[in-house]
Amino acid sequence: STLQRHSFPTRRSSDLAVDESWPPTYFIHGTADTAVPVSESREMAKLLDSKGVPYDLVEVEGAGHAFDKVAESREIAGLEGAVPFLLKYAPQAKQ
C-alpha cells in the first residue's frame with residue numbers, strides 16, 4: 001500500500017485572536033520538527049509577548065515532532081520546567 005499525503009488548511013499563529021486574556025502558555029518544541037516547524041512556536045511566543053501574556057518556550061535541540069514518545073533524557077528535558085510554570089499560573093495556585 002502507498003501512503004497518501006493529504007493537504008490540510010494551515011492556520012498561522014498570527015491568525016489567532018490573541019489578547020491579554022489568552023492563558024499562560026508553556027511550549028516544548030523540538031528544533032528538528034518537520035511536521036510543525038519550531039518557527040511556529042517562536043512566532044506564537046512573539047505574539048504572546050506583544051500582548052503581555054506569560055509564556056515559556058523550551059526548544060529541545062535535535063528533537064523531532066514526537067519526541068515525547070522517546071525515552072531519552074535530552075528529549076524530555078523541557079518537561080522539568082512545566083510543573084513550576086503550571087504552579088505559578090494555575091488558578092488554584094493563586095488562592
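In case you missed it, the structure is sitting above this.
### Quick notes on the side chain of Thr25
Next, step 1: Counting through the fold element by element, Thr25 comes out in strand S1 (residues 25-30).
Next, step 2: Judged by relative accessible area, which is 17%, Thr25 ranks as buried.
Next, step 3: Of note is the side chain of Thr25, whose polar atom sits 2.9 Å from the backbone oxygen of Pro23.
Next, step 4: Once you skip the residues sitting within four places of it in the chain, Thr25 turns out to touch Leu48, Pro54, Tyr55, Asp56 and Phe85.

### Regarding helix H1 (residues 38-50)
Next, step 1: Here H1 contains 13 residues, and its C-alpha end-to-end distance of 19 Å stays within 8% of the 18 Å for a straight helix at 1.5 Å per residue.
Next, step 2: Buried residues of H1: Val38, Glu40, Ser41, Met44, Ala45, Leu47 and Leu48, and no others.
Next, step 3: Those residues of H1 that are buried lie in contact with S1 and strand S2 (55-60).
Next, step 4: Positive phi appears at Gly52, one or two residues downstream of H1, with a value of about 75°.

### Quick notes on the pattern of salt bridges
Next, step 1: With the rule as written, the count across this model stands at 1 salt bridge.
Next, step 2: Residues Arg42 and Glu59 are paired through a salt bridge, measuring 2.7 Å at the closest nitrogen-oxygen approach. Within this pair, whereas Arg42 is found in helix H1, its partner Glu59 is found in strand S2, the two being separated by 17 residues in sequence.
Next, step 3: Take Arg42: its relative accessible area is 37%, and that puts it in the partly exposed class.
Next, step 4: By relative accessible area, Glu59 is classed as partly exposed at 33%.

The rules we used
All residue numbers refer to position in the chain's written sequence, counted from 1. Given that the model is predicted, a residue must reach a pLDDT of at least 70 before its local features are reported, and side-chain atom pairs must reach 80 or more before they are shown or counted; all residues, however, enter totals for whole chains, interfaces and linings. Excluding hydrogens and water, the side-chain values take into account all heavy atoms of the structure. Numbering of helices and strands runs from the N terminus, with a helix taken as a DSSP run of H or I at least four residues long and a strand as a DSSP run of E at least two residues long. Buried, partly exposed and exposed residues are distinguished by accessible area as a fraction of the type maximum, computed with a 1.4 Å probe on protein chains only: under 20%, between the cut-offs, and over 50%, respectively. N or O atoms closer than or at 3.5 Å make up a polar contact, with two conditions inside protein: a donor-capable atom paired with an acceptor-capable one, and, for residues adjacent in sequence, both atoms drawn from side chains. Note on contacts: a residue pair qualifies if any of its non-hydrogen atoms lie within 4.5 Å across the two residues. What a helix is expected to span follows from its residue count: subtract one and scale by 1.5 Å. Criterion for a salt bridge: a side-chain nitrogen of Lys or Arg within 4 Å of a carboxyl oxygen of Asp or Glu.

Note that every value here comes from positions in space, so none of it alone points to a role or purpose.
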